[in-house]
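Chain and residue survey
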Amino acid sequence: MNKVMGNKRSIAFFVLPALIIYAVFALFPIAYNIYMSLFNTDLMAKKQFVGLGNYIGLLKDGTFVHAFRNNIFMVIGSLIAHMPLAMFFANAIFKKIKGAAFFQTVFFLPSVICGVAVGLTWTFIYNGNYGLLNAFLKMIGLGSLQQVWLANKKLAMFCIIVVIMWQYVGYHMVIQLAAMRNIDSAYYEAAQIDGASGWKQFTNITFPLIKPILKIDAVLIITGSLKYYDLVAVMTSGGPNHATEVMSTYMYYQAFNILKYGYASAIGVILMILCMLSVALSNRVFKESDE
Amino acid sequence: MRKIGEMLTAGILCTGLLAGCGSGNVTNTTDMNASDAAATSADSAVDTSVDDSAASTEAQVLTMMLNGAASDAYVEGYQKIIDAFNADNEYGVVIEPEFVSNSDYKTKLTTMMVSDSEPDIIFTWELGYLENFVNGGKIVNLQEYLDADADWKASFNSGTLEQETYGGDVYGIPTAQCMAVMYYNKAIFDQYGLAVPTTYEEYCHVCDTLIENNVTPVALASTADDAWLVSQYIQQLSNGIAGNELFEGIKAGTRVWNDSAMIEAGKLFQEEVNKGYFEQGFTGVSGSEAEALFQTGQTAMYFNGSWEISNLDNPDVCQEAANISCFAMPSVNAEYDQISVGSLDNSYAVTTNCQNVEAAVGFLKFWTSDENAAMLLYDYGRMPATSIELDESKLSSLSKDVITCFGEQNALTPWFDRMNTDLGNEFNNSSIAVANGDDVQEIFDSLQQYAESNTQ
Amino acid sequence: MKKNISEKIWMFIKYIALILFTVMCLYPLFWLFLASFKTNQELYFNTWGLPESWSIVNYVNAVVKGGVVRYFGNSVVIAVSAVVVAVILGTMASYAIARMHWKMSKLVYNTFLLGMMIPIYGLIIPLFSIFKALGLLNTHWAVIIPQIALGFPMTIFIVCGFMRSIPRELEEAAVIDGCSALQCFMKVILPIAKSSVVTVAVVQFINIWNDLLLPRIFLTDSEKMTLPVGLTNFQAMYSTDYVGMIAAVIMTIIPSIIVYVLLHRQIMEGMVAGAVKG
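Conventions used here
- Residues numbered from 1 in each chain as written.
- Chains lettered and ligands numbered in written order.
- Predicted model: local features only at pLDDT ≥ 70, side-chain atom pairs only at ≥ 80, totals over all residues.
- Heavy atoms only, no water.
- Helix = DSSP H or I, 4+ residues; strand = E, 2+ residues; numbered from the N terminus.
- Contact = heavy atoms within 4.5 Å.
- Areas by Shrake-Rupley, 256 points an atom, 1.4 Å probe, with all protein chains shown as cover.
- Buried < 20%, exposed > 50% of the residue type's maximum accessible area, 1.4 Å probe, protein only.
- Domains from an automatic or database assignment.
- Buried area = accessible area lost by both parts, 1.4 Å probe.
- Salt bridge = Lys/Arg side-chain N within 4 Å of Asp/Glu carboxyl O.
- Polar contact = N/O pair within 3.5 Å; in protein donor to acceptor, adjacent residues only side chain to side chain.
- Patch = residues over 30% accessible without salt bridge, like charges linked within 9 Å, V, L, I, M, F, W, Y side chains within 5 Å.
- Phe/Tyr/Trp six-rings, centres within 6.5 Å; stacked < 30°, edge-to-face > 60°.
- Lys NZ or Arg CZ within 6 Å of the ring centre and 35° of its normal.
- Core = buried A, V, L, I, M, F, W, Y, C linked by side-chain atoms within 4.5 Å.
- Axes fitted to C-alpha atoms, helices over the stretch in contact; angles between N-to-C directions.
- Parallel < 35°, antiparallel > 145°, perpendicular 65-115°, else oblique.
- Left-handed = near helix turned anticlockwise from the far one by under 90°.
- Nonpolar A, V, L, I, M, F, W, Y, C, P; charged D, E, K, R; others polar.
- pLDDT = per-residue confidence, 0-100.
- Disulfide = S-S within 2.5 Å.
- Expected span 1.5 Å × (residues − 1).
- Bend = angle between axes of the 7 residues up to and from the residue.

**Points about the overall build of chain B**
- Each helix and strand in chain B was counted, giving 20 helices and 12 strands.
- Intrachain contacts of chain B at a sequence separation of at least 6 include 75% that bridge at least 24 residues.
- For chain B, the accessible area works out to roughly 17,300 Å², and carbon and sulfur atoms hold 47% of it.

**A word on the overall build of chain A**
- Along chain A, the regular secondary structure elements total 13 helices and 2 strands.
- When the backbone C-alpha atoms are referred to their principal axes, chain A occupies close to 75 × 75 × 30 Å.
- Out of the 291 residues belonging to chain A, those deemed buried represent 59%.
- Look at the contacts in chain A between residues 6 or more apart in sequence, and 67% of them connect residues 24 or more apart.

**Topic: the domain arrangement of chain B**
All names here are of chain B.
- When the domains of chain B are assigned, the result is domain 1 (52-177 + 345-394) and domain 2 (180-341 + 414-453).
- Here the C-alpha centre of domain 2 lies 30 Å away from the C-alpha centre of domain 1.
- Across the boundary between the two partners, domain 1 contributes 13 residues, which contact 9 residues of domain 2.
- Between domain 1 and domain 2, roughly 930 Å² of surface is buried when both sides are summed, and carbon and sulfur atoms account for 53% of that area.
- Linking domain 1 to domain 2 there are 1 salt bridge.
- The interface formed by domain 1 and domain 2 contains 3 residue pairs in polar contact (both at pLDDT 80 or more).

**Remarks on the interface of chain A and chain C**
- Counting residues at the interface gives 84 residues for chain A, matched by 89 residues for chain C.
- A combined buried area of about 8,200 Å² lies between chain A and chain C, and 83% of that area is made up of carbon and sulfur atoms.
- If you sort the residues of chain A by the area they bury against chain C, Met5, Phe14 and Phe25 of chain A come out on top, with a joint share of 10%.
- Taken together, chain A and chain C are joined by 6 residue pairs in polar contact (both at pLDDT 80 or more).

**Here's the deal with a nonpolar patch on the surface**
- A surface patch of nonpolar side chains, about 610 Å² in accessible area, is lined by Ile5, Ile9, Trp10, Phe12, Ile13 and Ile16 of chain C.
- Mapping Phe12 of chain C onto the fold places it in helix α1 (residues 2-35).

**Section: the packing of aromatic side chains**
- Overall, the coordinates contain 71 aromatic pairs over all chains when judged by the stated rule.
- On the numbers, 5.1 Å between centres and 90° between planes, the contact of Trp125 of chain B with Tyr129 of chain B is edge-to-face. Note on accessibility: Trp125 of chain B and Tyr129 of chain B belong to one class, buried.
- Ring geometry for Tyr129 of chain B against Phe133 of chain B: centres 5.4 Å apart, planes inclined by 85°, an arrangement best described as edge-to-face. Remark: Phe133 of chain B and Tyr129 of chain B occur in helix α5 (residues 128-135); sequence separation between them is 4 residues, near one turn of the helix. Phe133 of chain B carries the same exposure label as Tyr129 of chain B, and that label is buried.
- When the ring centre of Phe39 of chain A is taken as origin, the NZ or CZ atom of Lys47 of chain A, which lies over that ring, is 4.9 Å away.
- Directly above the ring of Trp125 of chain B sits Lys106 of chain B, whose terminal nitrogen or CZ lies 4.9 Å from the centroid.

**Things to note about the nonpolar core**
- In this structure, Phe363 of chain B together with Phe218 of chain C are the most contacted members of the largest nonpolar core, which totals 272 residues.
- Once residues lying within four places of it in the same chain are set aside, the contact partners of Phe218 of chain C are Ile124, Leu127, Phe128, Phe131, Leu137, Asn138, Ala142, Val143 and Pro146 of chain C.
- Of all hydrophobic cores here, the second largest spans 89 residues; its members include Met179, Ile263, Leu293 and Val341 of chain B.

**Looking at the packing of helix α19 (residues 421-435) of chain B against helix α20 (residues 440-453) of chain B**
Residue and element names in this part refer to chain B.
- At a closest axis distance of 10 Å, the pairing of α19 and α20 adopts a crossing angle of 165°. Considering their axes alone, α19 and α20 lie roughly antiparallel with respect to each other. Like other packed secondary-structure pairs, α19 and α20 cross with a definite hand, here right-handed. Counting all contacts with α19, which are made through Asp422, Leu423, Glu426, Phe427, Ser430, Ala433 and Val434, the residues of α20 involved are Val440, Ile443, Phe444, Leu447, Tyr450 and Ala451.
- For the contact of α19 with α20, the class distribution of residues is 10 nonpolar, 1 polar and 2 charged.

**Section: the environment of Val357 of chain B**
Residue and element names in this part refer to chain B.
- Among the structural elements, Val357 can be located in helix α15 (residues 357-367).
- On the accessibility criterion, Val357 (15% relative accessible area) is buried.
- Taking the C-alpha atoms as reference, Val357 lies 40 Å from Ala328; in sequence the two are 29 residues apart.
- Leave out the neighbours within four places in its chain, and Val357 touches Val140, Tyr145 and Val350.

**Overview of helix α13 (residues 287-295) of chain B**
All names here are of chain B.
- Summarising burial for α13: 9 of the 9 residues are buried, a large majority.
- Among the residues of α13, those classed as buried are Gly287, Ser288, Glu289, Ala290, Glu291, Ala292, Leu293, Phe294 and Gln295.
- Looking one or two places after α13, you find Gly297, whose phi comes out positive at around 75°.

**Some words on the packing of helix α3 (residues 53-60) of chain A against helix α13 (residues 261-285) of chain A**
Residues and elements named next belong to chain A.
- It is at 9 Å that the axes of α3 and α13 come closest, and there the two elements cross at 80°. The angle between α3 and α13 falls in the class roughly perpendicular. Facing Asn54, Tyr55, Gly57 and Leu58 of α3, the residues of α13 in contact are Gly262, Tyr263, Ala266, Ile267, Val269 and Ile270.
- Grouping the constituent residues of the contact of α3 with α13 by class yields 7 nonpolar, 3 polar and no charged.

**Examining the confidence of the model for chain A**
- Per-residue confidence for chain A gives a mean pLDDT of 85; residues scoring 70 or more make up 98%.
- Helix α1 (residues 2-5) of chain A is the least confidently modelled element of chain A, averaging 73 in pLDDT, while α3 of chain A averages 92, the highest of any element.

**With respect to the state of the cysteines**
All names here are of chain B.
- Across all of its chains, the model carries 0 disulfides over all chains by this definition.
- Free of any disulfide, Cys204 has its nearest neighbouring cysteine sulfur in Cys207, separated by 6.5 Å.
- Assessed through its relative accessible area of 11%, Cys204 is described here as buried.

**Considerations on helix α9 (residues 181-210) of chain C**
- In this model, α9 of chain C (30 residues) spans only 37 Å end to end at C-alpha, well below the 44 Å of a helix rising 1.5 Å per residue.
- Its axis deflected by about 60° at Leu190 of chain C, α9 of chain C carries its strongest bend there, up to four residues before the proline Pro191 of chain C.

As structure tokens, then:
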């Protein structure tokens, strides 16, 4: 067995093609970025070694700190909004109701659509003058709450998180649903005989058994939220006045609009470290269900 | 194949690095890339020209990147110029244009510049934007070419070449000029017996009268992408309060962003907002939406650049086309009248990648020739940066009005985001905060703080 | 009996929530579809109503001026070739990591996962230099290769997770029968892991299909552009042709929807399997 499965040449045959491509086109750029983050450079004539100067500058940069906070807000917001909602829908569909396949297909649909289209549509929904949201509020008698949603610096970030939720709840639902479908139905039959309620079945059977998937899901949500770029760029470009700036939009702006490439690289490095930290953290949180 | 091998080794080297080996190899790797890159780009340049010459005679290709999208009317006019030049020129070169939409232009040019693969001729904005690339050693000094052709040099309007002059030498060639004007709807003005305002008080009177009659005075947009529309309005107010000395002072660093004139302009703008001079909810209105309001006669005025002419005098896209005229925004203090926000439009520069600067300059001369400048003006409403003989009969009435306005200006102040991309963008962001009703003093204080911390 | 009633109420709430969200998912698409027939001004002044006329002029513009058909072909070439290579090589690597015995497997696995943590925006400039050195700029390769490289982390994450859940005995039996590692992979593991592979392929197809950034930067020749880049062609320097863009958007999202609807059963299966043991 070990002779076949431990054969160095076979292993190389399977792993090397992917590893080489990955090393050249992903790892090398990462290394290059880390290196560049130590310079004050526009990648043209200016190239001045500043050590950790860029990182120190970032700590003092109010906009970056704000963007950082927005990302954390996004991570927490996505975790507490995505997961329970996705779980609610998954659990609802899982219980063999009519139209389950239909709901499942439709809910996944938004995650299939490109960011430009989603952003455009929701910009019109949030519009202050003829936006659907304001019209709806007026209809249900909450006209006093009407406003120019994306121009409100306190609400804009929240509005964007709602759209992200809209787009990806179905995606996470499908992942969780998949896990639920994989649970041995004998558990539920036994519970049925014991007369356990739907809620009891969920807390005692479903939830514990899908925990490993929730870990994966959490990792996807966290890394996704930290790297997030698309909708912010399309809907607000980080505005009004940096209110919805996130690290990736700020990094893009620094690199391509004002040519502070070293500074932008430092943002990229911080982003990567944050991702790793949060993955490690979620591994720890879900540890007991691992082994 | 050899290069691919090298790249692979480079990649693997860096993998080792990541895993915690020593550092220091990276510099070599990057240098190697650069030299390889130069070699390859030369190779590929030869390749393309060979491909092309299969059909015609041996022609050198000059690549050119322009700012334009399919929906920009003037793209057609630019293409005409390029085609005419390609059909017959003394240098035996072919210009290969690439139009890149505005939203991608900066990203793409930046990427090309820093990896040494910029096209031969590039579209650029004047002042701060081009300066970065000039300092980076990427742009050809055109001074000697201008000096060698006195007629060409003299054809540019005064104050134009200066904006692309760095260290005493000219690096960019402007092809058009522009300024922000207040477009207005003559039919609406007539209906309420309003005259074109010549003082700020009269302007307020016009707006107040319109409001009394339930007409929205001015269409304005202020989403993040259109932040410059708000900031150009505030800048215009500041011009009327303190003149172009304010702009020049901020540019030179002798005056501050939280100058009392700037604060006053911000407060005045907020006052106008509160009085209802702009459409309801304008803070969430996009640029094209604001324009649609004006085009359909739902607002009486619209503050935007002279480049909008072709969108406003064309009955196919603008219902009110026949009624539209314009005036220069009157100043708050009479002594600073006729100082508008305005600058160059569509400048081009030759990059150090260019193998045939002679031909590139020849092409720019061709572009700025009377004949082409006139064509762009008559057909696409682009005001030339060179002085040409005007044939008024070929001008649309709106173009004529804009040109009249333009001729009356005592000074122009470029948009702040052209003066300095970084600070100008922050100014745009600050303007949005002003539009949203935040404390003006605080906003400009923090802008000044930002400016100080970002200039060594 | 009491329980039955509360169960019914619960059921009712569930259905309301499901139907509400269905409307929320479908309505924006429906709106986009309606908007694609409007004029730019109608978009603002008749935002939520039916278009005044069902004119297909926006579609004609998108095809003629916007060159959507050509972009469509390019998108297919890029998405299909990137997905095929990324999934084949990624699945092979997953096999070695999940099933074969070697010391570095954990390290290699983690190295691959690193790729899930980097924002692609940070890689653009180094990648640009690499492609320039290789002479691949402005070719489809410049988009395909990074998509492959960045497709590995996700592929390996999901497929490895799936493969680890397959019992060892199956392979052992095959090895005793004299199978090589390659034969084990092809004949034993791959057929079982099929659904997770399909899942990964679909998710990546959708990602690549919608990607704007790489083609925008690495391709200069408009003959080689992809569909999402075509969308930005409607954004001019000072204004945007929204309805033209929406018509192009409709043409862009239809293929994604078709792929998804055709394959959603497999996606489900793959998710089930791939996610179960991570």
